[in-house]
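Spelled out, the chains give:
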Amino acid sequence: MGMIVETYEIVVIGAGHAGCEAALAAARLGLETILFTVSVDSIAMMPCNPNIGGTSKGHLVREIDALGGEMGKNIDRTFIQSKMLNKSKGPAVHSLRAQADKKAYSNQMRKVLEHTDHLTIKQAEVAELIVEEGMLKGVKTVSGAVYTCRAAVLCTGVYLNARCIYGDVSMETGPNGLQAATHLTDSLRANGVEMMRFKTGTPARVDKRSIDFSKMEEQFGDERVVPFSFSTDPESVQIDQVSCWLTYTNERTHEIIRENLDRSPLYSGMIEGTGPRYCPSIEDKVVKFADKNRHQVFLEPEGLDTNEMYVGGMSSSLPEDVQEAMYHSVPGLEHAKIVRNAYAIEYDCINPRQLNATLEFKAIHGLFSGGQFNGSSGYEEAAAQGLVAGINAAQQVLGKELLVLDRSEAYIGVLIDDLVTKENREPYRMMTSRAEYRLLLRQDNADLRLRRYGYQAGLISEEEYQALLQKERQIEEEVRRVEHTYVGSSAQVNQVLEQYGSTPLSGGSSLAELIRRPELNYDSLADIDPKRPKLPDSVTEQVNINIKYDGYIRRQQKQVEQFKKMEKKKIPENLDYDQVQSLRIEAKQKLKEYRPMNIGQASRISGVSPADVSVLLVYLENFRGGTGEGK
Amino acid sequence: MEDTIAAVATAMAPSGIGIVRISGPEAVSVADRLYRSKREGKRLKDMKSHTIHYGWIVEQERVLDEVLVMLMRGPHSYTGEDTVEIDCHGGVLAVKRVLEAVIHAGARPAEPGEFTKRAFLNGRIDLSQAEAVMDVISAKNEYALQSSVSQLQGSVYRAVKEIREKLLYEIAFIESALDDPEHISLEGYPKKLLGIVRQEKEKIRRLLASADDGKMLREGIKTVILGKPNAGKSSLLNLLVGEERAIVTEIAGTTRDVLEEQISLGGISLRMLDTAGIRRTSDRVEQIGVERAKEHAKDADLILYVVDASAPLDENDAQIMELLKGRRTILLLNKSDLQTVITADELTARVDAPVLNISAREETGLEELETMIKDMFFQGEISFNDEVYITNIRQKTALEQALESLALVEDSIDMDMPEDFFSIDLMNAYERLGSIIGEAVGEDLVNEIFGKFCTGK
């Protein structure tokens with residue numbers, strides 16, 4: 001008997017939200033895929049908040065689904081409460097968020113993986129990458145077993161040299177006491193990969209039976225639930241939902257924290273990693289926002305089969321005794337029994353500027369990566385990258401064109417572009433304000449934006465694709481009809497208008513003009529639109545939005561045209577920036593570091609001025625031989 | 001399809017003729033909106049390529065200048081695009097007015113070096129010239145970058161910065177609420193925002209008015225007075241200012257060590273900068289002054305090097321002479337009324353520049369100095385970069401665009417649009433204002449959100 005040596009086409013390392021999407025995508029595209037995890041029981045685990053979606057993250061889930069990913073379907077089957085956030089705001093910022101039954105979510109994903117052809121699950125710690133002449137050839141586990149492959153996807157999450165900390169307690173483990181991965185960082189460094197150290201944290205879990213809910217406000221789910229997945233039957237998600245609960249910290253809580261700040265590992269210097277500003281620990285909030293005399297605390301169920309409740313808003317790394325006192329000072333939590341302490345976790349990740357927008361390492365052919373390993377944060381951000389990395393690893397092996405979504409097409413495009421072109425000093429979280437074309441990147445039209453790419457990659461079926469084409473046709477025809485249907489100032493028309501508090505008509509008007517009035521919409525005009533065809537809600541929703549916000553949408557589309565021009569101008573991979581004499585030194589350095597794929601990306605790198613971009617354009621024209629094409 | 005750009009194509013010298021060049025698909029129609037011929041109804045679009053037309057540039061019934069218009073259709077033009085060149089005859093001011101009218105008629109102020117860039121990209125410049133083209137672009141940009149901020153009046157700079165800060169705070173507030181709707185409510189906010197937007201619009205309007213009065217930018221030949229301490233620099237400045245009694249604007253120095261005056265010398269506008277005396281020193285404040293002086297010398301159009309004729313040249317003079325390299329200079333041998341130890345020949349042996357003997361105390365030699373500057377100017381030896389004017393117009397356009405964006409926010413509020421629509425146009429205004437003071441948007445918003453608002457789990 002010798003060492004185990006096996007051969008696969010794709011290796012995926014890590015079975016969190018990124019790894020699952022990557023492995024599923026590769027296997028579904030027909031490639032022999034092996035998925036490594038340090039614990040099969042922790043597949044698609046949710047070690048922090050018990051929900052999927054939320055502002056901008058809900059967009060990501062929709063996009064993952066449109067491309068043929070699993071996350072949306074999985075949460076539709078395992079959610080226990082659902083809410084469309086920002087419903088009173090514009091359609092661009094409507095965001096779905098669902099509370100998950102954590103255990104069920106994890107089990108359901110595991111079931112899907114186990115029933116996917118070409119996919120092998122393996123519990124083992126990958127310790128080493130086998131790289132020859134800049135090409136990834138395989139991986140080696142701690143035990144010495146070798147798995148050769150043609151491409152690999154790294155999705156190690158927070159497990160690389162993970163360290164959990166609260167007070168003066170520090171343990172070399174991943175989340176929930178799971179085994180950390182302690183070897184791979186060295187192998188990455190040995191292959192020239194630049195590593196960083198980030199930090200994040202999670203609040204305590206408390207026993208439901210010990211909470212006095214009478215002192216809290218009940219938070220219900222929506223009456224009519226909207227599914228995440230475009231493939232889920234909306235009727236199947238109208239289930240009985242559980243509630244969340246809202247309470248607040250107070251001056252006493254803050255006092256306890258202030259008095260014990262010196263015992264926080266964050267302030268004592270024990271934690272070296274950089275934490276996220278958008279997800280501050282309660283001690284951070286108290287210090288940074290000293291003028292606020294209370295902060296919201298959400299109690300969220302962790303699942304149907306457990307009494308554990310997640311204490312949202314109070315993540316911490318203070319010592320155990322301080323945590324007790326601090327949680328007990330919150331109304332309703334006076335006698336709360338803490339099941340799991342809050343803790344901070346530190347881990348190794350990479351500086352993502354080493355990646356192309358395809359999520360492949362620039363310097364190691366065949367090596368891709370996704371998720372928190374790339375310096376992001378959040379389940380949804382992870383899954384989105386995992387999906388793209390998985391698709392691209394597979395496409396590369398298949399010799400097909402890789403998938404790059406740009407900033408005008410998807411939040412996923414914004415996410416990846418930000419990661420690979422901007423300087424990231426903290427775990428990156430998606431936000432709607434990061435998407436400059438967000439009016440176009442709505443959660444309601446993710447299928448219209450992205451299904452085509454999923455189909456081209458091979459993850460969306462012919463049937464689903466035909467359904468998309470039909471939807472597009474229906475929207476187009478109905479928009480045209482509404483733009484060209486006129487109503488007069490009849491008594492019936494004006495009666496309907498008055499009913500909605502809208503000014504009566506004195507002359508004729510198109511239906512579209514009426515829809516553009518703030519107090520009216522497509523649905524409210526049904527009675528004065530006798531020739532209206534019967535169309536699915538998903539179609540009329542698009543018709544309404546397209547007409548109502550027409551002016552704004554067109555303005556953004558114009559901006560996108562400008563943007564696309566720059567994105568289309570490719571920069572050769574082997575461009576020697578030292579040859580471009582007129583570039584400023586700082587720009588040269590940055591361009592060499594980031595090696596942008598196109599002029600648009602180059603222009604977004606901090607330290608590259610518009611003048612440098614012009615110089616680069618001229619240089620490229622010369623480089624291409626100045627045929628005057630491609631303008 | 002590229003957009004249509006415009007700029008002044010000639011150096012801004014008072015030679016009487018200046019050319020405004022328009023290039024791009026709309027060049028002809030932009031020109032047609034302003035051009036009037038003696039013959040009723042004559043339109044440039046009906047004219048043949050490579051023809052010249054006499055007439056007037058008229059904006060809103062006001063005749064701006066008498067002009068010759070040259071029409072060149074692409075690809076047979078400098079840029080390879082449809083190009084119109086307007087020859088103005090009414091001097092610097094007329095050129096500026098015509099350019100502004102062209103911008104209002106639909107062209108965009110050209111970026112530095114943009115004509116050259118287009119010419120190259122359209123294959124009108126030989127490939128072997130690529131290096132030179134890139135140098136032009138990068139040099140012009142470098143200058144524009146320096147000039148756009150350094151020429152902005154301190155008060156304008158501060159005002160723009162304040163408006164931006166205000167806008168950013170509001171955008172961050174809206175975005176925080178959108179990002180974290182369960183923590184931050186926008187109840188009643190649109191009304192409050194409407195008040196703020198109106199206020200900021202008013203501020204921008206005031207800035208625009210000041211731009212029209214020419215008070216926004218410092219224009220003129222940047223003349224830097226250099227010399228050792230006590231060489232007589234300040235007395236020279238006072239003398240020039242006092243004698244002429246023609247202070248256009250008095251600008252309080254942004255630093256206590258560089259004093260700036262705007263003077264008019266026989267019709268030529270000069271920005272006079274009196275700098276700290278240059279010498280090796282250990283005094284921290286004085287060091288800063290010396291550094292500033294050196295900075296100003298770098299992009300001066302003209303340097304007046306004042307030398308104390310009664311004291312021997314030393315290492316400090318050597319240091320100053322270093323700064324003169326490549327700069328148009330006049331050497332002024334001051335205190336010529338005292339016992340002199342330095343001769344004109346001694347100086348010209350070391351610096352290639354004309355020398356004048358003056359005495360600031362006796363007020364002699366000043367007329368010669370004025371004559372010399374005027375001669376240099378009219379013979380084209382000194383001029384100031386035309387980027388100054390285009391910068392001014394770029395900045396004005398940016399202000400107008402910011403104003404327009406805020407008007408759109410007002411519309412959105414009036415129309416009861418949801419709050420997320422406000423931040424789109426607020427951000428555009430923020431971005432446009434940033435271009436005036438040379439600041440990009442970058443991570444400003446994200447930083448402001450995290451810095452000012454407590455969001456997140």
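Residues numbered from 1 in each chain as written. Chains lettered and ligands numbered in written order. Predicted model: local features only at pLDDT ≥ 70, side-chain atom pairs only at ≥ 80, totals over all residues. Heavy atoms only, no water.

**Thoughts on the overall build of chain B**
In terms of regular secondary structure, chain B is built from 14 helices and 14 strands. The 457 residues of chain B split such that 54% are buried. Sequence-distant contacts in chain B: of pairs separated by 6 or more residues, those separated by 24 or more amount to 68%. Of the roughly 19,900 Å² that chain B leaves accessible, carbon and sulfur atoms contribute 48%. (Helix = DSSP H or I, 4+ residues; strand = E, 2+ residues; numbered from the N terminus. Buried < 20%, exposed > 50% of the residue type's maximum accessible area, 1.4 Å probe, protein only. Contact = heavy atoms within 4.5 Å. Areas by Shrake-Rupley, 256 points an atom, 1.4 Å probe, with all protein chains shown as cover.)

**Things to note about the overall build of chain A**
Scanning chain A for helices and strands turns up 20 helices and 24 strands. The C-alpha radius of gyration computed for chain A amounts to 26 Å, which stays within 12% of the reference 25 Å derived for 631 residues, consistent with globular compactness. Counting only C-alpha atoms, chain A reaches 85 × 75 × 50 Å along its principal axes. By residue count, 62% of the 631 residues in chain A fall in the buried class. At a minimum sequence separation of 6, the contacts of chain A that also span at least 24 residues come to 72%. Carbon and sulfur atoms make up 48% of the accessible area of chain A, which amounts to about 24,800 Å² in all. (Rg over C-alpha atoms; globule rule 2.2 N^0.38 Å.)

**Observations concerning the packing of helix α5 (residues 154-179) of chain B against helix α14 (residues 444-452) of chain B**
Residues and elements named next belong to chain B. Their axes nearest at 9 Å, the elements α5 and α14 cross at an angle of 70°. Relative to α14, the element α5 lies roughly perpendicular. On α14, the residues that touch Arg164, Leu168, Tyr169, Ile171, Ala172, Glu175 and Ser176 of α5 are Asp444, Leu445, Glu448, Ile449 and Lys452. (Axes fitted to C-alpha atoms, helices over the stretch in contact; angles between N-to-C directions. Parallel < 35°, antiparallel > 145°, perpendicular 65-115°, else oblique.)

**What about the environment of Leu440 of chain A?**
All names here are of chain A. Counting through the fold element by element, Leu440 comes out in the loop between α11 (411-421) and α12 (446-457). Accessibility expressed as a relative area gives 13% for Leu440, which makes it buried. Put simply, Leu440 and Glu409 are 31 residues apart on the chain and 8.0 Å apart in space, counted from C-alpha to C-alpha. What Leu440 contacts, discounting residues up to four positions off in sequence, is Asn445, Arg449, Ile553, Gln556, Gln557 and Val560.

**Brief notes about a negative patch on the surface**
Taken together, the side chains of Glu519 of chain A together with Asp411, Asp414 and Asp416 of chain B present a region of like negative charge at the surface. Position of Asp414 of chain B relative to the elements: it lies in helix α12 (residues 387-414). (Patch = residues over 30% accessible without salt bridge, like charges linked within 9 Å, V, L, I, M, F, W, Y side chains within 5 Å. Salt bridge = Lys/Arg side-chain N within 4 Å of Asp/Glu carboxyl O. Lys, Arg positive; Asp, Glu negative; His and termini not counted. Charge placed at Lys NZ, Arg CZ, Asp CG, Glu CD.)

**Quick word on the nonpolar core**
Counting residues in each nonpolar core, the largest one holds 103 residues, and the members touching the most others are Leu129, Leu154, Leu188, Phe361 and Ile412 of chain A. Looking at this core element by element, the count peaks at eleven residues for helix α10 (residues 379-398) of chain A. In this structure, this core is formed jointly by two domains, domain 1 (5-200 + 347-457) and domain 2 (205-345) of chain A, each of which donates at least three residues. Dropping the residues within four chain positions of it, Phe361 of chain A is found in contact with Leu154, Val193, Ile350, Gln354, Leu355, Leu367, Ser369 and Phe373 of chain A. Counting 58 residues, the second-largest nonpolar core is a separate cluster that includes Leu168, Leu194, Leu403 and Phe422 of chain B. (Core = buried A, V, L, I, M, F, W, Y, C linked by side-chain atoms within 4.5 Å. Domains from an automatic or database assignment.)

**Structural notes on the sheet that holds strand β7 (residues 119-123) of chain A**
Residues and elements named next belong to chain A. Strand order in the open sheet formed by five strands is β7-β3-β2-β11-β22, and the pairing between neighbours is parallel. Since the sheet does not close on itself, it has two edges, and those belong to β7 and β22 (367-369), each with one partner. Taking the axes of each pair of neighbouring strands and ignoring which way they run, one obtains an average angle of 20° across the sheet. Here strand β2 (residues 10-13) runs beside strand β3 (residues 33-37); their pairing, made up of four bridges, is parallel. Bridge pairing links Val11 to Ile34 in β3. (Pairing = 2+ DSSP bridges.)

**Side note on the packing of aromatic side chains**
The tally for this structure, following the rule as stated, stands at eleven aromatic pairs over all chains. Summarising the aromatic geometry, the rings of Phe173 of chain B and Phe453 of chain B are spaced 5.6 Å apart at their centres and angled 50° between planes, so their arrangement reads as tilted. Taken together, the residues Phe173 of chain B in helix α5 and Phe453 of chain B in the segment after α14 connect sequence positions 280 residues apart. In terms of burial, Phe173 of chain B and Phe453 of chain B fall into one category: buried. By the ring-pair criterion, three or more aromatic residues cluster together here, those being Tyr169, Phe173, Tyr189 and Phe453 of chain B. Sitting above the plane of the Phe230 of chain A ring, Arg62 of chain A keeps its charged end 5.0 Å from the centroid. Taking NZ or CZ as reference, Arg434 of chain A lies 4.1 Å from the ring centre of Tyr428 of chain A, over its face. (Phe/Tyr/Trp six-rings, centres within 6.5 Å; stacked < 30°, edge-to-face > 60°. Lys NZ or Arg CZ within 6 Å of the ring centre and 35° of its normal.)

**Let's talk about α14 of chain B**
Residues of α14 of chain B that are buried include every one of Leu445, Val446, Glu448, Ile449 and Phe450 of chain B, and no others. The inward-facing, buried residues of α14 of chain B abut α8 (282-288) of chain A together with α5 and α13 (419-436) of chain B.

**Thoughts on the interface of chain A and chain B**
Taken together, the contacts link 58 residues of chain A with 50 residues of chain B. For the pair chain A and chain B, the two sides together bury roughly 4,600 Å², of which 57% comes from carbon and sulfur. Across the chain A-chain B interface, the total number found is six salt bridges. The salt bridge involving Arg429 of chain A is made with Asp179 of chain B; its shortest N-O contact spans 2.6 Å. At the boundary of chain A and chain B, one finds 15 residue pairs in polar contact (both at pLDDT 80 or more). (Buried area = accessible area lost by both parts, 1.4 Å probe. Polar contact = N/O pair within 3.5 Å; in protein donor to acceptor, adjacent residues only side chain to side chain.)

**Description of the state of the cysteines**
According to the stated counting rule, one finds zero disulfides over all chains in the structure shown. Unpaired in terms of disulfides, Cys149 of chain A finds its nearest cysteine sulfur in Cys155 of chain A, a separation of 13 Å. (Disulfide = S-S within 2.5 Å.)

**Side note on the domain arrangement of chain B**
Partitioning chain B into domains gives domain 1 (5-110), domain 2 (154-214 + 387-452) and domain 3 (221-378). Each of domain 1 of chain B and domain 2 of chain B has a C-alpha centre, and the two are 33 Å apart.

**Things to note about the sheet that holds strand β17 (residues 244-248) of chain A**
Adjacent strands of a sheet pair through backbone hydrogen bonds, lying either parallel or antiparallel. Residues and elements named next belong to chain A. Overall, antiparallel pairing links the six strands, which are arranged β16-β17-β18-β19-β15-β20 in an open sheet. Strands with a single pairing partner mark the edges of an open sheet, and in this sheet they are β16 (217-219) and β20 (338-340). On average, adjacent strands in this sheet sit at an angle of 35° to one another, irrespective of strand direction. Sheet analysis places strand β18 (residues 296-301) next to strand β19 (residues 308-312), joined by four bridges and oriented antiparallel. Directly across from Phe298, in β19, lies its bridge partner Gly312.

**Notes on the domain arrangement of chain A**
Frequently, the measure chosen for interface size is the accessible area that the parts lose on association. Considered domain by domain, chain A is made up of domain 1 (5-200 + 347-457), domain 2 (205-345), domain 3 (466-555) and domain 4 (569-624). The C-alpha centroid of domain 3 of chain A is placed 44 Å from the C-alpha centroid of domain 2 of chain A.

**What to know about the confidence of the model for chain A**
The predicted structure's coordinates, where accompanied by low pLDDT, should not be read in detail. This prediction gives chain A a mean pLDDT of 94; 99% of its residues lie at or above 70. Here residues 626-631 of chain A scores under 50 on pLDDT; set against residues more than four positions off or in separate chains, the count is ten contacts. (pLDDT = per-residue confidence, 0-100.)

**As for the pattern of salt bridges**
If the charged atoms of two oppositely charged side chains come close together, the side chains can form a pair. Enumeration according to the criterion identifies 75 salt bridges over all chains in this entry. Close ionic contact of Arg258 of chain A with Glu251 of chain A constitutes a salt bridge, the shortest N to O distance being 3.5 Å. Owing to a relative accessible area of 40%, Arg258 of chain A belongs among the partly exposed residues under this scheme. In this structure, Glu439 of chain B engages Arg164 of chain B in a salt bridge whose closest nitrogen and oxygen atoms are separated by 3.0 Å. Linking Glu439 of chain B in the loop between α13 and α14 with Arg164 of chain B in helix α5, this pair joins segments that are 275 residues apart in sequence. You can call Glu439 of chain B partly exposed: its relative accessible area is 27%. Since its relative accessible area comes to 3%, Arg164 of chain B is described here as buried. One salt-bridge network, held together by shared partners, links Arg407, Asp417, Asp418, Lys422, Glu436, Glu567 and Arg604 of chain A together with Glu443 of chain B.

**Let's talk about the pairing of strand β21 (residues 343-350) of chain A**
On a regular strand, one side chain projects to one face of the sheet and the next to the other, so that they alternate. All names here are of chain A. Counting buried positions along β21 gives eight out of eight residues, so the element sits mostly inside the fold. The side-chain alternation of β21 yields two buried faces, one formed by Tyr343, Ile345, Tyr347 and Cys349 and the other by Ala344, Glu346, Asp348 and Ile350. Here three bridges tie strand β12 (residues 163-166) to β21, and the two strands are oriented antiparallel to one another. By the bridge assignment for β21, Arg163 is matched with Glu346.

**Details of the confidence of the model for chain B**
Residue and element names in this part refer to chain B. In the predicted model, chain B carries a mean pLDDT of 82, and the fraction of residues at 70 or more is 83%. Ignoring residues within four places in sequence, the model shows residues 243-256, a span with pLDDT below 50, making 27 contacts including any to other chains. Two numbers describe this predicted complex: its pTM, 0.83, and its ipTM, 0.91.

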